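Residue-level structure breakdown
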Amino acid sequence: MTDITAYDSAIGVDLGGTRIKAGAVDRDGRVVARVTIDTEADGGPDHVIDRIVAVIEELLDTPAVSKAPMVGVGIGAPGALSQSRGVVISPPNLPGWREVAIATKVGTRVKLPILLENDANCAAVGESLAGAGRGIRDLVMFTLGTGVGSGIILEGRLLRGHFESAGELGHTIVQPDGRACLCGQRGCLEAYASAGHIARRVREAMEAGETSSLADTLAERGEIDAQDVAAASEHDVLAGRIWDDACRYLAIACVNAQHAMNPQRVILGGGMSAAGDRLLTPVREHFNRLTWPGVNDRPEIVLASLGDDAGLIGAAAVMLSKAGTGDRAPGRAD
Ligand SMILES: [Zn+2]
């Protein structure tokens, strides 16, 4: 375990629908101590907040952490939120949460400054500080999971926008009047390139009569996921088509990001990035085919490197950068 007594540190909390992952993180993005517990989201907001407070207190009691200057807690949360008010608005995977003032509720109990940030923005900041975006001042990160999140760092700063909801590239429209997205729009990137929709598209095609080896998987397990589709994509016609189509839509989003933000690097993270080259290679091929020909100044498309830790490292980094002492990390959020 790294001794961080010489460094400022912050606690990062990655609040997910299933798990709460928390860690004490130093200014170099090193996780010094960590705790993961089930969210128990069915218990409602107050119960989940009790659990967040409990993991923060457990971390603060850890010997290496208790000796270090602690600047505060960053909380990464899903869905729409107001960072300036510290309010989670209505995350799809946290039932019963409506306008929950999480920053105030947690802050008064742990007696530390609290900063709330969108989870995909946290992942972008985390990768920027300590992962695949280290040293990169202009980057776009996609988190490919049940949905598609994204975070944009431009000129070293996290982009928030006037209404604090910049970086929702998962809901940019890549197919006019296309598939219905949970957000209410049609044709969103998320409706084609998220793990949830990839699995759903394969199921829909099988229900419409297409044959696939994944029918056996579905019969055995009662479900299929995007990893099954990725694994089958090399030998199964249906899986190959849907997977390649998801990669093509992702490449379209990368081209759009290239022209809007001009990033040096595009980082693909989230659970789907476990597919590795099965994801990266077709996205790069589609991107090279779709983008401006003859222009060499193109973003490099890479896989994320922090895995599950990106969210909590980024949540802590958001707090550390706001605290503003010592060296400032790239991807600072102020
Ligand atoms: Zn959408």
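Counting starts from 1 at the beginning of each chain's written sequence and moves along it residue by residue. Owing to the predicted nature of the model, reporting of local features is limited to residues with pLDDT of at least 70; listing and counting of side-chain atom pairs is limited to 80 or more, with chain, interface and lining totals taken over all residues. Excluded from the side-chain calculations are hydrogens and water; all other atoms, namely the structure's heavy atoms, are used.

1. Notes on the packing of aromatic side chains
Going by this rule: The pairing test for Phe, Tyr and Trp rings, Trp by its six-membered ring, is centres within 6.5 Å, and the orientation test on the planes gives stacked under 30 degrees, edge-to-face over 60, and tilted for anything in between. By definition here, charges over rings are those cases where NZ of Lys or CZ of Arg is within 6 Å of the ring centre and within 35 degrees of the ring normal.
According to the stated counting rule, one finds 1 aromatic pair in the structure shown. Taking the ring centre of Tyr249 as reference, the NZ or CZ of Arg248 above it sits at 4.7 Å.

2. Some points on the sheet that holds strand β10 (residues 157–158)
Note the threshold: Between any two strands, pairing holds if DSSP finds at least two bridges. By the criteria applied, helices consist of DSSP H or I runs no shorter than four residues and strands consist of E runs no shorter than two, each listed in order from the N terminus. Contacts are residue-level and defined by heavy atoms, with any inter-residue pair within 4.5 Å sufficient. The convention used is that axes are lines fitted to C-alpha atoms, helices contributing only their stretch in contact, and that angles between N-to-C directions extend from 0 to 180 degrees.
An order of β10-β9-β8-β11-β12 is seen for the 5 strands of this open sheet, with the pairing classed as mixed. What marks the edges here is a single partner per strand, and that holds for β10 and β12 (300–303). One ladder, built from 5 bridges, connects strand β8 (residues 139–144) with strand β11 (residues 265–269); its direction is parallel. What sits directly across from Met141, in β11, is Ile267. Here helix α4 (residues 119–130) sits on the sheet in contact with β8, β9 (148–154), β10 and β11, set at roughly 50° to β9. Strands in contact with helix α10 (residues 277–290) are β8, β11 and β12; relative to β12, the strand with the most contacts, it is inclined by about 165°.

3. Notes on the pattern of salt bridges
Threshold: Only one rule defines a salt bridge in this text: a Lys or Arg side-chain nitrogen within 4 Å of an Asp or Glu carboxyl oxygen. Relative accessible area decides the class of each residue, using a 1.4 Å probe on protein chains only: under 20% of the type maximum gives buried, over 50% gives exposed, and in between gives partly exposed.
Enumeration over the complete set of coordinates arrives at 19 salt bridges. Across the pair Arg160 and Glu117 runs a salt bridge whose closest N-O atoms are separated by 2.4 Å. Pair noted here: Arg160 is in the loop between β10 and α5 (190–193) and Glu117 is in strand β7 (residues 114–118), with a separation of 43 residues, a long-range link. Each of the two residues, Arg160 as well as Glu117, counts as buried. The structure contains a network of salt bridges with shared partners spanning Asp14, Arg19, Lys21 and Asp308.

4. Topic: the confidence of the model for the protein
The test is simple: Scored between 0 and 100, pLDDT is the confidence that the predictor attaches to each residue.
Of the residues in the protein, 95% reach a pLDDT of 70 or more, and the chain-wide mean stands at 92. pLDDT under 50 marks residues 1–6. Its contacts with residues more than four places away, or in other chains, come to 13 contacts. When the criterion is pLDDT under 50, residues 325–334 qualifies, and its contacts beyond four places in sequence or with other chains add up to 26 contacts.

5. Some words on the side chain of Ser273
Our working definition: In protein, a polar contact means a hydrogen-donor-capable atom and an acceptor-capable atom, both N or O and within 3.5 Å, with residues adjacent in sequence counting only if both atoms are side-chain atoms; elsewhere, any N or O pair within 3.5 Å suffices.
Note that Ser273 resides in the loop between β11 and α10. At 2.6 Å, the side chain of Ser273 forms a polar contact with the backbone oxygen of Gly270. Non-local contacts of Ser273, meaning those with residues more than four positions away in its chain, are made with Leu268, Leu279 and Leu303.

6. Remarks on the sheet that holds strand β4 (residues 70–77)
What the 5 strands build is an open sheet, ordered β3-β2-β1-β4-β7; its pairing is mixed. Lying at the two open borders of the sheet, with one neighbouring strand each, are β3 (31–38) and β7. Looking at each pair of strands side by side, their axes are set apart by 20° on average, direction ignored.

7. With respect to the coordination of the zinc ion
Worth spelling out the cut-off: Each metal site is built from N, O and S donor atoms within 2.8 Å (3.2 Å for Na, K and Ca), and since water is not included, such sites may look incomplete. Working rule for geometry: tetrahedral if four donors all subtend angles between 85 and 135 degrees; square planar for four, octahedral for six, if opposite donors exceed 155 degrees and the others stay between 65 and 115; irregular in every other situation.
Each protein donor to the zinc ion is listed here as His171 (ND1), Cys181 (SG), Cys183 (SG) and Cys188 (SG); together their distances run 2.0 to 2.4 Å. Considering all 4 donor atoms around the zinc ion, the spread of angles at the metal, 107 to 118°, places the coordination shape in the tetrahedral class. Within one chain, the residues serving as donors to the zinc ion are arranged as H-x9-C-x1-C-x4-C.

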